[in-house]
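Chains, contacts and geometry: an overview
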Amino acid sequence: MDGSPFTDRQLASLAALGFERVVPEAATTEAWPTGEGMMRVTVTRPAMGTMARATVVTASRDRAEEAIGRAFEEMDRLIGVFSHYDNTSAASRLNDLGRLAGPPPELVDVMVQSHEIHRATAGAFDVSVAPVVELFAQQLPGKTPNRAEVTEALALVGAHHIVVSRRELAFARQGMRVTLDGIAKGYIVDAVAQHLTDAGLEHFLVEGGGDVRASGAKEAGEPWVVAVQDPDKAGDFPDQMALGTGAVATSGSYERYFGGDETHHHIVSAEDGSSPQQCRSVSVFADTAMLADALATGVFLMPPASGAEFVERMPNCEALIIGRDGRQWRTTGWRGAARPSERKVEL
């Protein structure tokens, strides 16, 4: 026994949603006085395969820890809804059966939002690409599927073939499957943030798997600071942004590759089954982590200039796009270049 309170299946669940795997010993609670009788309390814990972190600024450490604990309990519950590695989850049962009566309202909410973002991005964001992603993921190292196999998988792709209602979720084509990796992660981060808000907390930062949701300020009116990860992971940050109330998420091609040539990764085009090669990473600021998460994935599938133009048209959204050659595209309202001395949360 390693002392972990989670099963192997649970430990796989959030990893499947794009979070980092961490060792149980990494769980910590830290608290610092910030002046004026306030405390900054950070709870970091492995939760079913993820390093989840919540930082709260409040007058009571006990209140902060209790609220964060309850919020993390909600996170665990939601993973049980969305995980496609747990065959008892609602998402897994939908994939296995092709139809799910009386679906959990959280799954319906995510599917509704997936449809809306699918339309907004002209089909770039499509949760039904799972058959193609799984086809590439199942290949032996150094191998890729042939064109006929890709074409067969693409025949099962098309978000408009998913029927969504409060009473039932259903696939119009037998063999369809969905992957919610590009949106459920943000939904869960938002749910944690909402629990903290409901507990009466105004100043907090929630982090999970590259998605960040913030409220208020870190201390004395100072903003939270988020650093965009270097796609080459050389230790530098392409940019930092001061984050007040809102969310930011990053999608990158550098996280998971299939095969040996790094031409296929976990972001896949619903049109032809290819993995886009023009971008290294896309960071999106939005009002919610769910929207930032989904838009970062959708924009990644667009040419960089087109992606930046698309985000410019989205209300209350901004983006930083890093191309394969290191070139950057920024929307006019991207709030970068925060002071480097501030505490940074790496995306």
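This paragraph deals with the overall build of the protein chain. Of the regular secondary structure elements, the protein chain holds nine helices and 17 strands. Split into buried and exposed, the 347 residues of the protein chain put 54% on the buried side. Within the protein chain, contacts between residues separated by at least 24 positions form 63% of all contacts whose residues are at least 6 apart in sequence. If you sum the accessible surface of the protein chain, you get close to 15300 Å²; carbon and sulfur atoms cover 48% of it.

Looking now at the confidence of the model for the protein chain. Averaged over all residues, the pLDDT of the protein chain is 84; the fraction at 70 or higher stands at 82%. Across the protein chain, the element-wise mean pLDDT spans from 44 in helix 1 (residues 8–13) up to 98 in strand 6 (residues 168–171). For residues 1–25, every residue scores under 50 in pLDDT, and the model assigns this stretch 60 contacts once sequence neighbours within four places are set aside. Residue range residues 337–344 is modelled with pLDDT below 50. Its contacts to residues more than four positions away, or to other chains, number 22 contacts.

Quick look at the nonpolar core now. Among soluble globular proteins, nonpolar side chains are generally buried collectively. Residues F72, F82, L107, M111, L180, I183 and L196 are the most contacted members of the largest nonpolar core, which totals 69 residues. With 10 residues, helix 2 (residues 61–82) is the single largest residue contributor to this core. Listed in part, the 14 residues of the second largest apolar core include V57, W224, V228 and L320.

Reading across the sheet, the three strands line up as 4-6-5 and stay open at both edges, with antiparallel pairing between neighbours. The open sheet has two edge strands, strand 4 (99–101) and strand 5 (162–164), and neither has a second partner. Across the sheet, the mean angle separating the axes of adjacent strands is 10 degrees when strand polarity is ignored. Sheet analysis places strand 4 next to strand 6, joined by three bridges and oriented antiparallel. When the sheet's bridge partners are listed, R99 is paired in strand 6 with A170.

Another point: unusual backbone geometry. For A122, which is not glycine, the phi dihedral falls at a positive 55 degrees. Mapped onto the elements of the fold, A122 is located in the loop between helix 4 (105–120) and helix 5 (130–137). What makes A122 exposed here is its relative accessible area of 75%. For N316, which is not glycine, the phi dihedral falls at a positive 60 degrees. With respect to the helices and strands, the residue N316 is situated in the loop between helix 9 (304–313) and strand 15 (318–323).

Scanning the entire structure with this criterion turns up 13 salt bridges. The salt bridge involving R40 is made with E219; its shortest N-O contact spans 2.3 Å. Of the two residues, R40 is situated in strand 2 (residues 38–47) and E219 in the loop between strand 8 (211–215) and strand 9 (224–228); the sequence distance between them amounts to 179 residues. Residue classification places E219 among the partly exposed positions, given a relative accessible area of 23%. Across the pair E66 and R70 runs a salt bridge whose closest N-O atoms are separated by 3.6 Å. One end of the pair, E66, and the other, R70, are both in helix 2, four residues apart, so they sit about a helical turn from each other.

With that out of the way, let us pick up the packing of aromatic side chains. Summed over the entire model, instances satisfying the criterion amount to one aromatic pair. Taking 5.6 Å as the distance between ring centres and 70 degrees as the angle between the ring planes, the aromatic pair formed by F82 and Y187 counts as edge-to-face. Residue F82 is found in helix 2, and its partner Y187 is found in helix 7 (residues 184–198); the two are separated by 105 residues along the sequence. Across this residue pair, the class does not change: F82 and Y187 are buried.

With that settled, consider helix 8 (residues 289–300). Taking 1.5 Å of rise per residue, 12 residues should cover 16 Å, and helix 8 covers 16 Å from first to last C-alpha, within 8% of that figure. For helix 8, a buried count of 11 out of 12 residues is recorded, marking the element as mostly surrounded by other parts of the structure. For helix 8, the complete set of buried residues consists of A289, M290, A292, D293, A294, L295, A296, T297, G298, V299 and F300.

Moving on: the packing of helix 4 against helix 8. For the pair helix 4 and helix 8, interaxial distance at closest approach is 11 Å and the crossing angle is 45 degrees. Regarding the angle of helix 4 to helix 8, the classification is oblique. Note that helix 4 runs across helix 8; the crossing there is right-handed. In this structure, helix 4 contributes V110, Q113 and I117 to the contact, and helix 8 contributes M290, L291, A294 and L295.

The rules behind each value
Within each chain, residues carry numbers counting from 1 in the order of the written sequence. Whole-chain, interface and lining totals are the exception, using all residues; otherwise, since this is a predicted model, local features are given only for residues with pLDDT of at least 70 and side-chain atom pairs are given and counted only at 80 or more. Only hydrogens and water are set aside; all other atoms, that is, all heavy atoms of the structure, feed into the side-chain values. Numbered from the N terminus, helices here are DSSP runs of H or I no shorter than four residues, and strands are runs of E no shorter than two. In this scheme, a residue with accessible area under 20% of its type's maximum is buried, one over 50% is exposed, and one in between is partly exposed, where area comes from a 1.4 Å probe on protein chains only. A contact between two residues is defined here by any heavy atoms of the two lying within 4.5 Å. The method behind every accessible area is Shrake-Rupley, applied with a 1.4 Å probe, and residues are considered shielded solely by the protein chains displayed. One number per residue, pLDDT, summarises how confident the predictor is, and it ranges from 0 to 100. What is meant by a nonpolar core is a set of buried Ala, Val, Leu, Ile, Met, Phe, Trp, Tyr and Cys residues, joined one to another through side-chain atoms within 4.5 Å. Here, any two strands with at least 2 DSSP bridges between them count as paired. Throughout, an axis means a line fitted to C-alpha atoms (over the contacting stretch in the case of helices), and angles, computed between N-to-C directions, take values from 0 to 180 degrees. Definition used for salt bridges: Asp or Glu carboxyl oxygen within 4 Å of a side-chain nitrogen of Lys or Arg. Pairing of aromatic rings covers Phe, Tyr and Trp, the last counted by its six-membered ring, and requires centre-to-centre distances within 6.5 Å; plane angles under 30 degrees mean stacked, over 60 mean edge-to-face, and any other angle means tilted. Expected span of a helix, by definition, is 1.5 Å for each gap between consecutive residues, and there is one gap fewer than residues. If an angle is under 35 degrees, it is roughly parallel; if it is over 145, roughly antiparallel; if it lies from 65 to 115, roughly perpendicular; otherwise it is oblique. By definition, any crossing whose near helix is turned counterclockwise from its far helix by less than a right angle is left-handed, and any crossing with a clockwise turn is right-handed.

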